Amino acid sequence: MDHAAEFPPPPPPATERDMAFAERAVAAAGAAVMSAVLVNPLDVAKTRLQAQAAGVVYNPIWSDFRCYPSCNTGGVNGLGPSCSPECFQYRGTIDVFSKVTRQEGMFRLWRGTGASLALAVPTVGIYLPSYDLLRNWIEEYSDHNCPKLRPYAPLISGSIARSLACITCSPIELARTRMQAFKESNVGGKPPGMWKTLLGVLSSRQTISGPQNSVLSFLKMRIARGYHLLWTGLGAQLARDVPFSAICWTVLEPIRRHLTGLVGDKSNAAIILGANFSAGFIAGVISAGATVPLDVAKTRRQIEASSVIKDPERVLSMNTRRILLEVWRNEGINGLFRGAGPRMARAGPSVGIVVSSYEVVKHIMHRKHVEL
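Just so it is clear, the model here is predicted, and its values are computed rather than measured.

**Concerning the overall build of the protein**
When helices and strands are tallied, the protein shows 14 helices and zero strands. Along the chain direction, N to C, the helices and strands of the protein fall in the order α-α-α-α-α-α-α-α-α-α-α-α-α-α. Scored against the burial criterion, the 372 residues of the protein give a buried share of 49%. Looking at the protein alone, contacts between residues at least 24 apart form 78% of all its contacts between residues at least 6 apart. Carbon and sulfur atoms form 64% of the exposed surface of the protein, whose accessible area is close to 18100 Å².

**Structural notes on helix 10 (residues 269-290)**
Compared with the 32 Å implied by 1.5 Å per residue over 22 residues, the 31 Å span of helix 10 between its first and last C-alpha is a close match. Residues Ile272, Ala275, Asn276, Ala279, Gly280, Ala283, Gly284, Ser287, Ala288 and Gly289 constitute the buried set of helix 10. Backbone nitrogen of alanine 270 and a side-chain oxygen of the N-cap are separated by 3.1 Å at the start of helix 10; the cap is asparagine 268.

**Considering the environment of arginine 300**
Here arginine 300 lies in helix 11 (residues 292-303). Residue class for arginine 300 comes out buried when judged on its relative accessible area of 7%. Sequence-wise, arginine 300 and alanine 51 are 249 residues apart; in three dimensions their C-alpha atoms are separated by 6.8 Å. Of the polar contacts made by the side chain of arginine 300, one reaches the side chain of glutamate 331; its length is 2.6 Å.

**Regarding the pattern of salt bridges**
For the structure on display, the rule yields 21 salt bridges. With its nearest N and O atoms 2.5 Å apart, the salt bridge here joins aspartate 295 to arginine 240. Separated by 55 residues along the polypeptide, aspartate 295 in helix 11 and arginine 240 in helix 9 (residues 234-263) bring together distant segments of the chain. Looking at aspartate 295, the relative accessible area reads 0%, which means it is buried. The residue arginine 338 makes a salt bridge to glutamate 331 at a minimum N-O spacing of 2.9 Å.

**Describing the packing of aromatic side chains**
Applying the stated criterion across every chain, the model contains four aromatic pairs. Each ring, one from tryptophan 137 and one from tyrosine 141, has its centre 5.7 Å from the other, and the planes form 15°; the classification is stacked. One end of the pair is tryptophan 137 and the other is tyrosine 141, both in helix 5 (residues 113-144) and four residues apart, which spans about a single turn. For tyrosine 141, a relative accessible area of 40% corresponds to the partly exposed category. Measuring from ring centre to ring centre gives 6.1 Å for phenylalanine 277 and phenylalanine 281, while their planes differ by 40°; the resulting arrangement is tilted. Of this pair, phenylalanine 277 and phenylalanine 281 are both found in helix 10, four residues apart, which corresponds to roughly one turn of the helix. By relative accessible area, phenylalanine 277 is classed as partly exposed at 31%. You can call phenylalanine 281 partly exposed: its relative accessible area is 36%.

**Some thoughts on the nonpolar core**
If you look at the biggest cluster of nonpolar residues, it comprises 24 residues, and the most contacted ones within it are Val124, Tyr127, Leu128, Phe244, Trp249, Leu252 and Val351. Listed by contribution, the elements that provide at least two residues to this core are helix 3 (21-53), helix 5, helix 6 (153-181), helix 9, helix 10 and helix 14 (340-371). With sequence-adjacent residues up to four places away left out, tyrosine 127 is seen in contact with Gly158, Ala161, Arg162, Ala165, Ser245 and Trp249.

**A short note on the packing of helix 3 against helix 4 (residues 93-104)**
Between helix 3 and helix 4, the shortest axis-to-axis distance is 9 Å and the interhelical angle comes to 100°. With respect to helix 4, the axis of helix 3 lies roughly perpendicular. Between helix 3 and helix 4, the residues in contact are Pro41, Leu42, Ala45, Arg48 and Leu49 and Thr93, Val96, Phe97, Val100 and Glu104, respectively. Class assignment of the residues belonging to the contact of helix 3 with helix 4 gives a composition of seven nonpolar, one polar and two charged.

**Quick word on the packing of helix 3 against helix 11**
Contact geometry of helix 3 with helix 11 gives a least axis separation of 10 Å together with a crossing angle of 70°. With respect to their mutual orientation, helix 3 and helix 11 come out roughly perpendicular. In the packing of helix 3 onto helix 11, the handedness of the crossing is right-handed. In contact with Lys46, Thr47, Gln50, Ala51 and Ala53 of helix 3, helix 11 contributes Asp295, Val296, Thr299, Arg300 and Ile303. Residues belonging to the contact of helix 3 with helix 11 are distributed by class as follows: four nonpolar, three polar and three charged.

**Regarding the environment of serine 142**
Structurally, serine 142 can be placed in helix 5. Given a relative accessible area of 0%, serine 142 falls into the buried group. Once residues lying within four places of it in the same chain are set aside, the contact partners of serine 142 are Pro147, Leu149 and Arg150. Only 2.9 Å separates the side chain of serine 142 from the backbone oxygen of glutamate 139, close enough to count as a polar contact.

The rules behind these values
Residues numbered from 1 in each chain as written. Predicted model: local features only at pLDDT ≥ 70, side-chain atom pairs only at ≥ 80, totals over all residues. Heavy atoms only, no water. Helix = DSSP H or I, 4+ residues; strand = E, 2+ residues; numbered from the N terminus. Buried < 20%, exposed > 50% of the residue type's maximum accessible area, 1.4 Å probe, protein only. Contact = heavy atoms within 4.5 Å. Areas by Shrake-Rupley, 256 points an atom, 1.4 Å probe, with all protein chains shown as cover. Expected span 1.5 Å × (residues − 1). Polar contact = N/O pair within 3.5 Å; in protein donor to acceptor, adjacent residues only side chain to side chain. Salt bridge = Lys/Arg side-chain N within 4 Å of Asp/Glu carboxyl O. Phe/Tyr/Trp six-rings, centres within 6.5 Å; stacked < 30°, edge-to-face > 60°. Core = buried A, V, L, I, M, F, W, Y, C linked by side-chain atoms within 4.5 Å. Axes fitted to C-alpha atoms, helices over the stretch in contact; angles between N-to-C directions. Parallel < 35°, antiparallel > 145°, perpendicular 65-115°, else oblique. Nonpolar A, V, L, I, M, F, W, Y, C, P; charged D, E, K, R; others polar. Left-handed = near helix turned anticlockwise from the far one by under 90°.

And the structure:
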C-alpha cells in the first residue's frame, strides 16, 4: 500500500510557507555545520580509498614518517624507514582510520573540515530552502492543475535544487576532494588550506613566490585563462548528486510522512526530530549506495585536475561515462563500488542530522511566529 496515499500530508501552515528564503537558509546552514564536523573522518576514508584506486601513491617521503613498531626505523643505509608495502596500502575504512592516525596524526582525519564547512554551509543553505520552496510550488500547482504530478514533486524539486547548489559550490568541492586525497610531505608543517589548494589547481605552470603575488592578484591574473579548471569534475558531480538527491527525497518523503502521520496532530520537536532523522538515515544509505559508481567517477575526475601538465589531453577528454568504462575494464565491479562502506556510513547520519535539524529549527521558528 502506498504510505503517502494512506497518510496524505496536510498543507503546511501559512506561516511556514511564508518563511523567507533567508530564514530557511540559516536553519539549513546550522544543521550542515554539525553534520560536516561529525562525519568528516568517514569522508576522508572514502576519498583515500577511491584516490588509491585511481593511482595516488601513499609512500613515505619524509624522514620522520611514523612507522609501525615492527618496521626498521633505520631503513636502508640509514636513509629513512624501511617498511612493508602494506604500510602504505589501505584495505578498508578501519584500516584508513588506523594508518592515518598512526602515520599522520589523529587530526588528519578531519583534514578538509574547513573546506567541508565552507562547502556544507552554502550548499545546504541553497539546497534545502530551494527544495522546500520548489516542492511547495509544485504541490500547489499539481493540486489545482495536474494531480498526477504531486508524487513526483520531491524528485523534481530535489534534482533542480541540487543542481543549483552543485554549480554554485563546485570549486569548494574540488578543493575538499584534493585536500582529503593527498598526504602532505611535511608532517610538522601546516598543510595548504582551501585557497592554496584552489590556487594549486589554477597554477598549472606557475608557482606563488614572494609577497607581491597575493591570492587576489594571482587569481586576477589566472582567472581569464584557467578559471574553468575550478569546475573540473562538475559534470561528474552533477551526475552523482542529482540522482542522489532525486532518490533521497523520493525515499525520504513517504517515510517521514508515514511516521508523522502515525502521531497525527501530536507532533512536537522530539517527534519531528525522530521522524526526520529516521527517514533521512534510511534515504541517505539507499541513495548513497545506489550512486557509489558516480562518486568514484567524480573523485577520479577531480584528482586528475592535478595532472593537467602531465597529461592535458586526458584531463580535457575524460568524462563520467569514459571514467566508469575505464574503471569497469580495469577493476570490475569492485572498482565501481570502491569506498561504498564509508560513503553509506557517512550519508545515513549526515542526511539524518541535516534534515532533522533543519525541520526542528523550522518548527521552532514556526511556533514563534504563531505566538507573536
